[in-house]
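# Descriptive structure summary
So the chains spell out like this:
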Amino acid sequence: MSTENVAASGFGADEQDRGRRFLSALASTGTIFILLLILWVWITILNPTFAEPGPFLAYLKRSAPLVILAAGAYFVLVSGNFDLSVGSLVTVMVVVAARLIEGEPSRTWPVILLLLVIGAVVGFANGFISTILRVPSFITTLGMLLILNGAVFWWTGGAPRGALSDNFRSIGRQGIEGIPWIEQLPWSVLLMFAIGAASVLLMRADFGRQLIATGDNERAARLSGVRVDRVRILAFVLSGVLAAVAGILLGGFGGVSAQVGKGLEFDAITACVLGGVVLGGGRGSVVAAMAGALTLEALFTWLNLQGISGALEDTVQGVIIIGAVGFAAYRLRGAR
Amino acid sequence: MSEQTLLQMEGIRKSFVGVEVLHGVDLDLRAGEIHAIVGENGAGKSTLMKTLAGVHAPDEGTIRIDGQEVSFHHPAAAQAAGVGIVYQEFNLLPDRNVAENIFIGREPVRAGIVDRRKMERETAALLEEVGEASFGPRTPVRWLSVAQQQVVEIVKARSLNARILVLDEPTAALAEGEVELLFTLVRRLQELGVGVLYISHRLREVFALSDRITVIKDGGVVKTLNTAETNQRELVNLMVGRELDGYFPERGAKDDLGDVRLKVSGLSTALLRDVSFEVRAGEIVGLAGLQGSGRTEIARAVFGADPIADGTVEIDGKAKRFKHPRQAVKAGLGFITEDRKAEGLALAQSISDNMLLAVRTVMPSRKRRSTPGLMTVKELAEVTELRARGPEQEVRFLSGGNQQKVVLSKWLETQPGILIFDEPTRGIDVGAKAGIHDLIRKLAKDGVAVLMISSELPELIGMSDRILVMHEGVLAGELPGGASEPQIMELATGSAEVAA
């Protein structure tokens, strides 16, 4: 076949050429990075202060929760499932935190621990029902979204009570002060990079390779010894825990309301799709998914600067998700 | 046989992204002729057929049907001109019945409503025309065997008035007994004046069926021969361009055999009844049988992929009952599945990820680093003589033979004591086949116990030290290596009175 540039046996000559391999990898998944760069430049042209350290860090800080959610969504998507429950899970986090902390700083850390456990438990439930009980994850997590929404409403009686403590809020708001040139390095940005790095390492490790192989071909993975149910459940757990982290950050940014997490599940999936993650599993990189989240946030910023109403955000997102999947389908057709 | 030329293809050239894959191919087909096309994988057979079917437009060259020049820019145009193609993978809707599948998209209509009776009547007539009586127009396709589905595909092409019928590897998915039925059907079409282009890897079939043979190599025609005036050896030489001295590697000596590694006693599942056998270290045991006789079921049950109802499996003398393939992998088993794409490979992943998939499930990376004898991806590629661009290339871009080498590498890396091969060379070209045969024999020499399932009798006979034959879920008998094809077929069809 023409696609096989054949050496006598073993691998062709370009194996050693790491540079070229990197470039070709960039060409195949790199569209999103180019798009992100273009948007950054464009925004800077419209508003030159964007490129200054302060405003740029503010943008990263604003993006951090979505980037973290996108990483969570990636694990689930690449294994061939959906997690639609993360938005309402974020709301649960904020509402539960406010109610239990009641402004008392000493309760902050135990409550944070509890939130992470809640995230893991909800994720495990999603995973268990979707794999062992064979309910399609689209339905499981849609059901979970409704269950959590209802639970929040019932528990708060419509209006969230309580208050977050200052040290809880500082995670989303503050950072390391007194750094030259950028002045403050926000905790959320640090957390974002840490989670990003951890996600990349995880995807390179045995777990990640088994996860993506499961999403690509479940039967082949199982017959190779992969415990497919287990890796998929773990992906849901990761998604739940990362939703908890995002909830903690968002609690610091904004007020306590029953609306905090609304629609975030779709933002996260849009970000992944924008980054080239294929719905159905088996394709895409976690870095690209997170870059997709940064791109989405940049796009919202750009729309703002263009004076386009925030009300149109949903519409733009709809166009993006269809466009991105269409583009991917077109490219796959080209490759065939 | 009529001498009227039905189809004439001249100087067909086709390039993809600047690489020419067909270099001016000439081919002709007479009415009522069975014309076989043989060649290694990637030789250009499929591309040539796709230019005829209107899937790819040729860059240069002419196609004439009944002397009229035609050019197809869409498969429907080729269909309308009387070209029918039955691909390896069928295009049938499993939940619709035979008549609905045959008339899909062009259902006869009366008063705005599909005229089911007419549809079924015409389907019945078509089935009768080809002598098919084992199912009717109303049978849901899901109920049909692979062979019967193939008949539906052929009848469907026929119902579109196909006078030129292309069969792409039609016997790849069939068992030995079903092949004869297909031959009968093809000969029937021949009598009706249909010209058949028959693509196959299996030379025996080509000799049994065809009138002429065209050998294609590297995108060009090597030669067109009258079947009666050539032989298998000449054909193989034309295909690969080299003398193949022995088809199969030499068997091991009797005293090379080691201890019993795999012992199966009284194995029963939903499909199997009381199957017992053993495989020793250094031994290749062939497993023969018709499609559906339970060969693959044995492999799956032993490997923990399907539940076992009764019986025991012993690995190296220890009784095991695997609930998940992972336990089997841990115990030193490897399973090269029949369907590479559906069960062997994660197609969108890299060569390296596929090669390491199994070992990753049973050995943590820390331990891998300190385990002696584990090969690197590069070494695996050399051992299996894989031909690819590099370890990061996605396996979907590899040819069938190279894909199979990746699957093999995956199992070599787990350092297995027992390997089960299910159709190890299905859909693989002649050159790569010999390489895989050599590798299987070499593994056995190194002390691996090999169980090899195959529908290709020459392969079974040439490779196996012993041959087990399955018939309807029961072990019908055992034959020594080098047994004859009729001996195997007698057992497989249940026509011999043999005590197992």
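Everything numeric in this text was worked out from a predicted model, so none of it was measured. (Residues numbered from 1 in each chain as written. Chains lettered and ligands numbered in written order. Predicted model: local features only at pLDDT ≥ 70, side-chain atom pairs only at ≥ 80, totals over all residues. Heavy atoms only, no water.)

### What about the overall build of chain A?
Secondary structure summary: chain A contains 14 helices and three strands in total. Taken over the C-alpha trace, chain A has a radius of gyration of 21 Å; the compact-globule value for 336 residues is 20 Å, and the two agree within 12%. When the backbone C-alpha atoms are referred to their principal axes, chain A occupies close to 70 × 55 × 35 Å. Expressed as a percentage of contacts within chain A between residues at least 6 apart in sequence, the contacts between residues at least 24 apart total 77%. In the form shown here, chain A has an accessible surface area of approximately 15,300 Å², with 67% of it arising from carbon and sulfur atoms. One finds the centroid of the 23 positive side-chain charges in chain A at a distance of 7 Å from the centroid of its 20 negative side-chain charges. (Helix = DSSP H or I, 4+ residues; strand = E, 2+ residues; numbered from the N terminus. Rg over C-alpha atoms; globule rule 2.2 N^0.38 Å. Contact = heavy atoms within 4.5 Å. Areas by Shrake-Rupley, 256 points an atom, 1.4 Å probe, with all protein chains shown as cover. Lys, Arg positive; Asp, Glu negative; His and termini not counted. Charge placed at Lys NZ, Arg CZ, Asp CG, Glu CD.)

### Examining the overall build of chain B
Secondary structure summary: chain B contains 18 helices and 23 strands in total. A compact globule built from 500 residues would reach a C-alpha radius of gyration of about 23 Å, and chain B, at 24 Å, matches this within 12%. Over its C-alpha atoms, taken along the principal directions, chain B stretches across nearly 70 × 50 × 45 Å. With 500 residues in all, chain B has 57% of them scored as buried. Accessible surface for chain B amounts to roughly 21,000 Å². Of this, 48% is attributable to carbon and sulfur atoms. Each charge class in chain B was averaged separately, 60 positive and 70 negative side chains, and the resulting centres sit 6 Å apart. (Buried < 20%, exposed > 50% of the residue type's maximum accessible area, 1.4 Å probe, protein only.)

### Structural notes on the pairing of strand E23 (residues 474–480) of chain B
In summary, the side chains of a regular strand alternate between the two faces of the sheet. Sheet topology note: the strand E22 (residues 466–471) of chain B/E23 of chain B ladder contains six bridges and is antiparallel. For Arg466 of chain B, the partnering residue across the bridge sits in E23 of chain B and is Pro480 of chain B. (Pairing = 2+ DSSP bridges.)

### Some words on a nonpolar patch on the surface
Residues and elements named next belong to chain A. A cluster of nonpolar side chains, namely Ile34, Ile38, Val41, Trp42, Ile45, Leu46 and Leu305, defines an oily patch on the protein surface of about 670 Å² accessible area. Here the element with the most residues in the nonpolar patch is helix H2 (residues 31–46); it accounts for six residues. By the element assignment, Leu305 lies in helix H13 (residues 286–305). Classification of Leu305 as partly exposed rests on a relative accessible area of 37%. (Patch = residues over 30% accessible without salt bridge, like charges linked within 9 Å, V, L, I, M, F, W, Y side chains within 5 Å. Salt bridge = Lys/Arg side-chain N within 4 Å of Asp/Glu carboxyl O.)

### A look at the domain arrangement of chain B
All names here are of chain B. As far as domains go, chain B holds domain 1 (5–240) and domain 2 (254–492). Centre-to-centre, using C-alpha coordinates, domain 1 lies 33 Å away from domain 2. For the pair domain 1 and domain 2, the two sides together bury roughly 1,200 Å², of which 54% comes from carbon and sulfur. Taken together, the links from domain 1 to domain 2 amount to zero salt bridges. Our enumeration of links across domain 1 and domain 2 arrives at zero residue pairs in polar contact (both at pLDDT 80 or more). If you list the elements that add at least two residues to the side of domain 1 that touches domain 2, you get helix H6 (176–191) and helix H8 (232–240). Grouping the constituent residues of the side of domain 1 that touches domain 2 by class yields seven nonpolar, three polar and five charged. (Domains from an automatic or database assignment. Buried area = accessible area lost by both parts, 1.4 Å probe. Polar contact = N/O pair within 3.5 Å; in protein donor to acceptor, adjacent residues only side chain to side chain. Nonpolar A, V, L, I, M, F, W, Y, C, P; charged D, E, K, R; others polar.)

### Quick word on the sheet that holds strand E5 (residues 68–70) of chain B
The pairing of strands in a sheet comes from backbone hydrogen bonds and takes either a parallel or an antiparallel form. Residues and elements named next belong to chain B. The strand order across the open sheet formed by four strands is E2-E1-E4-E5, and the pairing between neighbours is antiparallel. Looking along the sheet, the strands with just one partner apiece sit at the ends: strand E2 (19–30) and E5. Averaged over all neighbouring strand pairs, the angle between strand axes comes to 25 degrees, with direction disregarded. Sheet strands in contact with helix H1 (residues 45–52) are strand E1 (5–16), E2 and strand E4 (60–65), and its direction is about 115 degrees off that of E1. (Axes fitted to C-alpha atoms, helices over the stretch in contact; angles between N-to-C directions.)

### Looking at the UniProt feature "transmembrane region" (unreviewed entry) in chain A
Within the UniProt annotation, "transmembrane region" (unreviewed entry) is assigned to residues 22–45, 57–77, 84–101, 107–128, 135–155, 185–203, 233–254 and 315–332 of chain A. For residues 84–101 of chain A, the end-to-end C-alpha separation is 27 Å, with 89% helix and 0% strand making up the annotated structure. (UniProt positions renumbered as here; feature names shortened; annotations may be inferred.)

### Concerning the interface of chain B and chain A
The interface is formed by 53 residues belonging to chain B together with 35 residues belonging to chain A. Together chain B and chain A conceal approximately 3,600 Å² of surface at their shared face, both sides included; 52% is due to carbon and sulfur atoms. Taken together, the links from chain B to chain A amount to five salt bridges. A salt bridge links Arg209 of chain A to Asp353 of chain B; its shortest N-O distance comes to 2.6 Å. Inspection of the chain B/chain A interface yields 17 residue pairs in polar contact (both at pLDDT 80 or more). Elements that contribute at least two residues to the side of chain B that touches chain A include exactly E2, helix H10 (325–330), helix H11 (340–344), helix H12 (351–362), helix H13 (365–370), helix H14 (377–383), strand E19 (387–388) and helix H15 (400–412) of chain B. For the side of chain B that touches chain A, the residue count by class is 25 nonpolar, 12 polar and 16 charged.

### Some words on the packing of H2 of chain A against H13 of chain A
Residues and elements named next belong to chain A. H13 packs onto H2 with a crossing angle of 25 degrees between their chain directions and a minimal axis gap of 9 Å. Classed by the angle they form, the pair H2 and H13 counts as roughly parallel. The crossing of H2 and H13 is left-handed. Contacts from Ile32, Phe33, Leu35, Leu36, Leu39, Trp40, Trp42, Ile43 and Leu46 of H2 reach H13 at Val287, Ala288, Ala291, Gly292, Leu294, Thr295, Ala298, Leu299, Thr301, Trp302 and Leu305. Across the contact of H2 with H13, the residue classes break down as 17 nonpolar, three polar and no charged. (Parallel < 35°, antiparallel > 145°, perpendicular 65-115°, else oblique. Left-handed = near helix turned anticlockwise from the far one by under 90°.)

### Considerations on the pattern of salt bridges
Once the charged atoms of two side chains with opposite charge are near each other, the side chains can pair. Residues and elements named next belong to chain B. With the rule as written, the count across this model stands at 35 salt bridges over all chains. A salt bridge links Arg96 to Glu100; the nearest nitrogen and oxygen atoms lie 3.9 Å apart. With relative accessibility at 41%, the residue Arg96 sits in the partly exposed group. Judged by its relative accessible area of 14%, Glu100 falls in the buried class. Linking Asp446 and Lys442 is a salt bridge whose minimum nitrogen-to-oxygen distance equals 3.7 Å. We classify Asp446 as exposed; its relative accessible area is 56%.

### Section: the sheet that holds strand E12 (residues 220–226) of chain B
Residues and elements named next belong to chain B. Pairing within the open sheet is mixed, and its six strands lie in the order E6-E9-E10-E3-E11-E12. Looking along the sheet, the strands with just one partner apiece sit at the ends: strand E6 (83–86) and E12. With direction set aside, neighbouring strand axes in the sheet form an average angle of 20 degrees. Pairing geometry for E6 and strand E9 (residues 164–168), over four bridges, is parallel. Across the sheet, Val86 pairs through a bridge with Leu167, a residue of E9. Each of strand E3 (34–38), E9 and strand E10 (195–199) is contacted by H6, which is oriented at about 150 degrees to E10, the strand it contacts most.

### Re the side chain of Thr214 of chain B
Residues and elements named next belong to chain B. Of note, Thr214 is situated in strand E11 (residues 212–217). Of note is the side chain of Thr214, whose polar atom sits 2.6 Å from the side chain of His35. Among the polar contacts made by the side chain of Thr214, one reaches the side chain of Thr224 at a distance of 2.8 Å. In this view, Thr214 contacts Leu27, His35, Ala36, Ile37, Val38, Val221, Lys223 and Thr224; residues no more than four positions away in its chain are not counted.

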